Amino acid sequence: MKGIFTALMCSFDEEGKINEKGLREMVRNNIDVQKVDGLYVNGSTGENFLISTEDKKRIFEIVKDEAGDDVTLIAQVGSLNIDEAVDLAKFTTDLKYDALSAVTPFYYKFDFDEIKDYYNTIMANVDNQMIVYSIPALTGVSMNLEQFGELFENEKIIGVKFTAPDFFLLERLRHAYPDKLLYSGFDEMLLSASVLNVDGAIGSTFNVNGVRARKIFELAQAGAVEEARAVQKETNDLIAAILDNGLYPTIKEILKHEGVDAGVCRKPMKPLTEAKKARAHDIAKKYL
Ligand code: NAY
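Residues numbered from 1 in each chain as written. Predicted model: local features only at pLDDT ≥ 70, side-chain atom pairs only at ≥ 80, totals over all residues. Heavy atoms only, no water.

Some points on the pairing of strand β8 (residues 200-203)
The two faces of the sheet receive side chains in turn, since in a regular strand these alternate between them. Burial of the side chains of β8 extends over both faces: G200 and I202 are buried on one face and A201 and G203 on the other. Bridging between strand β1 (residues 3-7) and β8 involves four bridges; their strand directions are parallel. Residue I4 lies in a different strand from β8, and its bridge partner there is A201. Two strands pair when backbone bridges link them, and strand β7 (residues 181-184) and β8 are joined in this way by two bridges, in the parallel orientation. Looking across to β8, one finds that Y183 is bridged to G200. For the crossover from β7 across helix α8 (residues 190-195) to β8, the handedness is right-handed. (Buried < 20%, exposed > 50% of the residue type's maximum accessible area, 1.4 Å probe, protein only. Helix = DSSP H or I, 4+ residues; strand = E, 2+ residues; numbered from the N terminus. Pairing = 2+ DSSP bridges. Right-handed = clockwise from strand over helix to strand, strands pointing away.)

Here you go:
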């Protein structure tokens, strides 16, 4: 369960339908070219919150069929509809996904007891392991050290995907829970998280920059911080350009530049203008 995990994208056509051939190519590109250790399926990067339950299931099936046992697979099953979350947790456990993950429930201001009940309910229904998906900037849900500790009391909850720039809390978590898995969630902060001894990282930009991400992670683990910093600098030049041009559509356009049929993003995300498409190809040439 340790190492570099791509937050997988899905290829959609202009009508928003899954492009199965493209999705399979994206899976293979991550395994064969980016050489990542695993895939995080139907997360934010997978446009999970924009698609139907049926499409989520189809994506889980296609990814498992294509990846087989080549890499570790994590299924993001979180949903505001807890019945859907449980259904997807059962579905992906049956498909033999190695672990589940679920975003903290958002939109309504759930209190911590409600959040804890959400995770415990999902896990009471399956024989699998759970990685909490914490991303306060998008969900508005922040948890403190003690609250993470309460979630971790459930032995099936084995770690957290920590997508936040709070390195104080990350260090406290590492210190307090040495046996739980901590994953860095912001690719531009991978080095900072790695020196705090996270167990791995899950990122959108690894779809195109996985090899560099591994270098940063492994150099930091080996204590070669100076060299790691140089690779993080190259990485952040790339990420800054991608963010400036539009995160997910630009990664898809870069994948197309590399011959992967990445399709387009689903509405309400808008397609890149011709100028931004050209810029994405320039970014690929300049930074990859
Ligand atoms: C997800 O579920 O796909 C993730 O959270 C992966 C982590 C990414 N977060 C988001 C919200 O996209 O890789 C990061 C992020 O895109 C990257 O660091 C650029 O900011």
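Considerations on the UniProt feature "binding site: aceneuramate" (unreviewed entry) in the chain
Mapped onto this numbering, the UniProt entry gives "binding site: aceneuramate" (unreviewed entry) at S44, T45, T163, G185, D187, E188 and S204. Taken from the residues named earlier, the lining of the largest cavity is made up of G185. The topology assignment puts G185 in the loop between β7 and α8. Of the residues examined, G185 reaches a relative accessible area of 11% and is grouped as buried. Locating D187 in the fold gives a position in the loop between β7 and α8. In contact with D187, not counting residues within four places along its chain, are I202, G203, S204, T205, F206, Q232, T235, N236 and I239. (UniProt positions renumbered as here; feature names shortened; annotations may be inferred. 1 Å grid on protein atoms, 1.4 Å probe; cavity = no way out; pocket = protein on both sides within 12 Å on 5 of 7 lines; lining within 4 Å. Contact = heavy atoms within 4.5 Å.)

Quick look at the packing of helix α6 (residues 145-152) against helix α7 (residues 167-176)
Axis separation between α6 and α7 bottoms out at 10 Å; the angle between their running directions is 40°. By the criterion of interaxial angle, the relationship of α6 to α7 is oblique. Where α6 crosses over α7, the two elements pack in a sense that is right-handed. On α7, the residues that touch L145, F148 and F152 of α6 are L169, R172, L173 and A176. Considering only residue class, the contact of α6 with α7 consists of six nonpolar, no polar and one charged. (Axes fitted to C-alpha atoms, helices over the stretch in contact; angles between N-to-C directions. Parallel < 35°, antiparallel > 145°, perpendicular 65-115°, else oblique. Left-handed = near helix turned anticlockwise from the far one by under 90°. Nonpolar A, V, L, I, M, F, W, Y, C, P; charged D, E, K, R; others polar.)

Considering helix α12 (residues 274-287)
Here α12 spans 20 Å end to end across 14 residues, near enough to the 20 Å set by a 1.5 Å rise per residue. Taken together, the buried positions of α12 are A280, I283, A284 and Y287. Buried positions in α12, seen along its axis, are confined to an arc of 105° and lie on one side of it. The exposed set on the far side of α12, more than 90 degrees from its buried face, consists of E274, A275, K285 and K286. (Expected span 1.5 Å × (residues − 1). Arc of directions from axis to C-beta.)

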